[in-house]
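Coordinate inspection notes
Now for the letters of each chain:
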Amino acid sequence: MSRLPTIRPIWIVLVIVVALAAWLASGMVGGHDKPAAEAAPKAEQAEPVSVAVRTSQAQTVWREVELNGRTAPDRAVTLRAQTAGRIQSVQARRGARVEANEVIARIAIDDRSASRNEARAVVEQRRLQYEAVRKMSEKGYQTRTDLAQAKSDLEAAQAQLAEIQQDIDNTVIRAPFAGVLETRPVEVGDYVGVGDEIARVIQQNPFVVAGDLAEKDVAFVEPGQTGRARLIDGRTVDGTVRYVATEADEATRTYPVELEVDNPGGRLVAGASAKLILPLEQVQAHEVAADLLTLDEAGDMGIKTIGDDGRVAFHRADIVKSSDERLWLGGLPARVRLITTGQGFVRAGDPVRVVEDGDDAAGGAQASTAERAQEAGVNEADDRS
């Protein structure tokens, strides 16, 4: 009986491995070809997104700079005692409006009145002596030296009287200009020495709004030009630039600037925040709604337009002027086609279907954009399934 040839197990394993590898390779190739073939029709069937477009023509406007500012009085003076003594009376309460030269407080005269009477008597005595010496000198009975001494004594007495009178005048503290009595730390009976604070007076009209200009803007601003300030309560007041620094602040490298504004009713208060708006130069700019600004992939803020090739273009925002709801953008061509609806669904370089802006057109563009977004969501769901 003949024996059958023995098939070793190692050859069986090798045959199985080779067959399995060939099967897997054919499956991967086929699996790639099929989705690619299915994706091609989808790409061919995709249609451009509809956007609403408005044609804008550039206009000449003033480029403006908006600074963080603060209100300040035109003048503020701290009144200090120029003579020592007891406060005899106070004539104005804190917070009251005072006129120029109005009495705010009085220091007791005490013995100053007696000193003045004595000085007056000495002046009169020295005057009589001088007259007598002068007459005797004219007759040759007195020398010129005696006449000079008599004149010197008279002038010394007059100076003493003037000093006493000035000291008495200093007992009356008056407002140097019309304004508001901001503080008055003394009361009747207080003793004050020379240099002690009596009151602080703030002038309310005109008022000043101060800010700091950057190096690139200071060359465009000069005293005498107009400007405006937006106050914390929303009001806008017009004014005139009265001061521009010619030397930069060492710490900030900015240049202080002051805008003088009228404050007839005294409604402005010192130290309040404000926006200082100053015109710099005339430029060509497009007026757009503030809500048209959008972000690109890099996070830069700007606006989207349609180019001559029918594709989306992105322009960084160069805001030259602004109001509550409107912006004026510079750095754009003289004539552009602004995307007013649908800018959030397109990117720079995308082809789009243009619909002229208007009530119906904008509504149609919005509906079309929404349909596109919904369709995209359905397609993604189909792909996932």
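Above: the structure in question.
A brief structural summary. (Residues numbered from 1 in each chain as written. Predicted model: local features only at pLDDT ≥ 70, side-chain atom pairs only at ≥ 80, totals over all residues. Heavy atoms only, no water.)

Here we look at the pairing of strand β10 (residues 197–202)
What counts here: Note: two strands are recorded as paired if DSSP finds a minimum of 2 bridges between them. The way it works is that DSSP assigns letters per residue, a run of H or I at least four long becomes a helix, a run of E at least two long becomes a strand, and they are numbered from the N terminus.
Sheet analysis places strand β3 (residues 76–80) next to β10, joined by 5 bridges and oriented antiparallel. Paired with Ala76 across the bridge in β10 is Ile202. As paired strands, strand β8 (residues 179–183) and β10 are joined by 3 bridges and run antiparallel to one another. Residue Leu181 lies in a different strand from β10, and its bridge partner there is Val201.

Overview of the sheet that holds β3
Here 4 strands make up an open sheet; going across it, the order is β3-β10-β8-β5 and the pairing antiparallel. The open sheet has two edge strands with one neighbour each: β3 and β5 (97–98). Where β5 lies against β8, 2 bridges are found, and the strand directions are antiparallel. Bridging across to β8, Val98 finds its partner in Gly179.

What to know about the packing of helix α2 (residues 112–138) against helix α3 (residues 144–169)
Here is the rule we go by: Comment: axis = line fitted to C-alpha atoms, over the contacting stretch for helices; angle = value between 0 and 180 degrees taken between N-to-C directions. Our angle categories are set so that under 35 degrees counts as roughly parallel, over 145 as roughly antiparallel, 65 to 115 as roughly perpendicular, and the remainder as oblique. Throughout, a crossing is termed right-handed when the near helix is turned clockwise from the far one, and left-handed when it is turned anticlockwise from it by less than a right angle. The residue classification treats Ala, Val, Leu, Ile, Met, Phe, Trp, Tyr, Cys and Pro as nonpolar and Asp, Glu, Lys and Arg as charged. All others, Gly included, are polar.
Remark: α2 packs on α3, axes separated minimally by 8 Å, with the N-to-C direction vectors making an angle of 160°. Taken together, the axis directions place α2 and α3 in an arrangement best described as roughly antiparallel. Here the hand of the crossing between α2 and α3 comes out left-handed. A class-by-class count of the residues in the contact of α2 with α3 yields 12 nonpolar, 5 polar and 10 charged.

Observations concerning α3
The cut-off we apply is this: One less than the number of residues in a helix, times 1.5 Å, gives the span that helix is expected to have. Contacts between residues were defined by any pair of non-hydrogen atoms, one from each residue, lying within 4.5 Å.
Relative to the 38 Å expected for 26 residues at 1.5 Å per residue, α3 spans 37 Å between its end C-alpha atoms, a close match to the ideal helical length. Looking at the packing, one finds that the buried side of α3 touches α2 and β7 (172–174).

Quick word on the side chain of His286
Our working rule: Buried, partly exposed and exposed residues are distinguished by accessible area as a fraction of the type maximum, computed with a 1.4 Å probe on protein chains only: under 20%, between the cut-offs, and over 50%, respectively. Pairs of N or O atoms within 3.5 Å make up the polar contacts considered here, provided that, within protein, one atom can donate a hydrogen while the other can accept it, and that residues adjacent in sequence are counted only when both atoms are side-chain atoms.
Tracing the sequence through the fold places His286 in strand β15 (residues 273–289). Its relative accessible area of 1% is what places His286 among the buried residues. A distance of 2.6 Å separates a polar atom in the side chain of His286 from the backbone oxygen of Pro333.

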